[in-house]
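# Summary of structural features
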Number of protein chains: 2
Amino acid sequence: MTRDITGFSNPLVKATRALRDKKSRRANGLFLAEGLRILTEARDAGTLPRAIWYNGADSPHPLTLEIAREVEATGGNVLTTSSEILAKLSGKDNPQAVLGVYAERWTDLAEIDRTTAPLWIVVQALRDPGNLGTILRIGDAVGAGGLILIDDCTDPFSVEAVRASMGALFTQVIAQARWGEFIAWLRAGPGQLIGTCLNTALDYQEPRYAAPAFLLIGNEAQGLPAAYESECDLRVKMPMMGRADSLNAAVACGVMAYELLNQRRKSTTLC
Amino acid sequence: MTRDITGFSNPLVKATRALRDKKSRRANGLFLAEGLRILTEARDAGTLPRAIWYNGADSPHPLTLEIAREVEATGGNVLTTSSEILAKLSGKDNPQAVLGVYAERWTDLAEIDRTTAPLWIVVQALRDPGNLGTILRIGDAVGAGGLILIDDCTDPFSVEAVRASMGALFTQVIAQARWGEFIAWLRAGPGQLIGTCLNTALDYQEPRYAAPAFLLIGNEAQGLPAAYESECDLRVKMPMMGRADSLNAAVACGVMAYELLNQRRKSTTLC
């Protein structure tokens with residue numbers, strides 16, 4: 001159904017605005033994604049929003065109208081509005097011209113078929129939404145199957161994480177688990193758990209990694225707890241030539257993930 | 001000189017607080033760094049703050065007192081204060097217990113000896129302070145000489161960039177130049193300019209890179225301007241296995257920088 005929303009006090013404005021808070025996202029199972037680029041990525045990956053908001057006055061982009069027609073055809077809400085209301089929804093002075101409301105995409109660990117991808121990324125107590133979104137984007141780039149969140153991580157469905165993922169949120173399976181659950185599931189099937197840490201002499205380019213690989217990235221400030229490190233099948237480190245002893249978590253993930261991809265590229269004729 | 005600062009309206013509070021704005025940083029040639037970890041990294045890299053602020057009530061960390069003594073010995077200001085004033089200075093409810101005021105560390109391009117390092121990182125119109133700080137941290141990790149900022153980049157001396165650099169700001173030479181100046185300087189000596197871009201068939205692992213390498217990273221949204229790409233000696237791309245066509249700028253920089261480091265490691269017996 002298409003509606004023009006003109007009032008700031010419209011309940012749909014309030015309900016959509018509320019999705020900027022985690023509590024409301026969890027209660028409704030919904031989240032926000034802003035900008036035509038991310039909405040197009042989501043559509044191309046097979047996901048339409050439940051509702052789409054766009055600026056009805058500013059002649060909308062043809063792709064916006066195309067997605068809006070598909071949303072309507074699938075029974076979703078098409079909501080045209082003003083740039084002032086879009087600014088309120090997005091909390092920014094210069095809002096994106098289009099905004100989608102999506103169903104949260106949690107997958108149960110038990111439903112993951114680990115053999116569908118050579119790599120799965122596992123993050124532990126990751127706190128920065130930019131890092132989390134960037135890691136989803138890395139997962140998409142290297143052909144990972146998805147991201148598993150351990151312990152208390154930042155919300156992958158926050159506006160900041162969704163933005164940093166650049167749409168990769170819609171191509172990656174997302175699961176969460178406590179450490180014990182994860183290890184029980186991991187050990188019930190094939191898979192090599194690889195941790196990056198400081199207390200090891202093993203250079204990250206030395207091992208021949210095996211699929212499915214589970215790449216474990218720890219908290220930005222603390223790294224991995226010692227007990228989690230001990231559980232890893234391989235503990236590796238990247239060379240550090242300067243004063244610092246570590247890289248940003250997303251950069252470390254990217255360097256490791258490309259090493260694994262490069263090893264796969266060299267071991268097959270397929271790229 | 002050691003002073004206890006108790007009033008919010010003290011001119012030193014105002015002047016320090018003002019350094020959160022770029023205009024004030026540029027006018028005074030000063031910037032802020034927060035947290036004992038970064039102040040210690042700076043000191044270990046040979047740089048002391050002009051002034052150090054710390055919470056005088058909360059028994060200070062021995063390292064804080066050590067740095068404070070060195071600041072005093074070099075004629076700087078040691079300022080003890082309350083957590084409320086530190087909160088005002090840092091703009092955060094839970095401020096770090098220590099804060100340093102440093103002289104900005106700009107180096108003229110003409111003063112850089114490019115032969116002192118195998119790698120220099122060059123960023124063009126980079127807008128995100130987190131990315132800029134993260135790239136400084138990568139530079140430190142791979143033994144780069146420094147960072148050259150081209151066009152209108154985010155300020156490397158903003159609180160956010162300093163924080164993301166985790167102290168690498170103090171180990172890396174920092175210069176800025178317009179593109180034309182940079183190219184004139186680059187071509188007056190040895191050096192290979194390497195751009196990462198989409199419009200190339202050359203895989204980033206194919207070339208044998210030569211030192212000094214200049215790794216050029218473009219704007220987060222637009223990538224490199226076509227004319228800048230054309231100037232590169234090598235245009236390479238990273239494999240992208242998913243839907244996305246690019247990585248986060250800092251992650252791309254990290255993957256490239258480690259490829260260059262790995263090639264150097266393999267071509268020498270030194271690590």
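Residues numbered from 1 in each chain as written. Chains lettered and ligands numbered in written order. Predicted model: local features only at pLDDT ≥ 70, side-chain atom pairs only at ≥ 80, totals over all residues.

Further remarks concern the relation of the copies chain A and chain B. The operation relating chain A to chain B is a screw motion whose rotation component is 180 degrees, with 0.0 Å of axial translation and a residual RMSD of 0.0 Å. Considering both components of the superposition, the chain copies are consistent with a two-fold axis. Looking at chain A, 100% of its interface residues are interface residues in chain B too, so the copies touch through the same face. (Least-squares fit on C-alpha atoms with pLDDT ≥ 70 in both. Contact = placed C-beta atoms within 7 Å.)

Residue and element names in this part refer to chain A. We note that the domain assignment places domain 1 (2–103) and domain 2 (109–267) within chain A. Placing a centre on the C-alpha atoms of domain 1 and another on those of domain 2 gives a separation of 31 Å. Contacts between domain 1 and domain 2 engage 13 residues on the former and 10 residues on the latter. Broken down by secondary-structure element, the contributors of at least two residues to the side of domain 1 that touches domain 2 are helix 2 (22–28), strand 2 (30–34) and helix 3 (36–44). Its residues assigned to classes, the side of domain 1 that touches domain 2 shows 6 nonpolar, 1 polar and 6 charged. (Domains from an automatic or database assignment. Helix = DSSP H or I, 4+ residues; strand = E, 2+ residues; numbered from the N terminus. Nonpolar A, V, L, I, M, F, W, Y, C, P; charged D, E, K, R; others polar.)

Here we come to unusual backbone geometry. Of the consecutive residues A:Ala211 and A:Pro212, the connecting peptide bond is found in the cis state with omega at -5 degrees. Structurally, A:Pro212 is set in the loop between strand 9 (192–196) and strand 10 (213–217). A positive phi angle, near 50 degrees, is found at A:Met166, a position not held by glycine. With respect to the secondary-structure elements, A:Met166 resides in the loop between helix 7 (159–165) and strand 8 (173–177). Taking the C-beta count within 10 Å as the criterion, A:Met166 has 23 such neighbours and is therefore assigned buried. One non-glycine residue, B:Ala125, adopts positive backbone phi at about 50 degrees. On the basis of neighbour count, B:Ala125 is assigned to the buried category, with 20 C-beta atoms found within 10 Å. (Buried ≥ 20, exposed ≤ 12 C-beta atoms within 10 Å, placed from the backbone.)

Moving on, we get to the confidence of the model for chain A. Confidence in the prediction of chain A, expressed as mean pLDDT, is 94, and 99% of residues score 70 or more. For this predicted complex, the interface score ipTM comes out at 0.93, alongside a pTM of 0.94. (pLDDT = per-residue confidence, 0-100.)

The parts lose accessible area when they come together, and the size of an interface is often stated as this lost area. Facing the 33 residues of chain A at the interface are 34 residues of chain B. Taken together, the elements giving at least two residues each to the side of chain A that touches chain B come down to helix 3, helix 6 (129–142) and helix 10 (249–267) of chain A. Tallied by class, residues from the side of chain A that touches chain B come to 18 nonpolar, 10 polar and 5 charged.

Turning next to the environment of A:Trp179. All names here are of chain A. Its place among the elements puts Trp179 in helix 8 (residues 179–187). Spatially, the C-alpha atom of Trp179 lies 8.7 Å from that of Gln124, the residues being 55 residues apart in sequence. Beyond its immediate sequence surroundings of up to four residues, Trp179 is in contact with Ile150, Asp151 and Tyr228.

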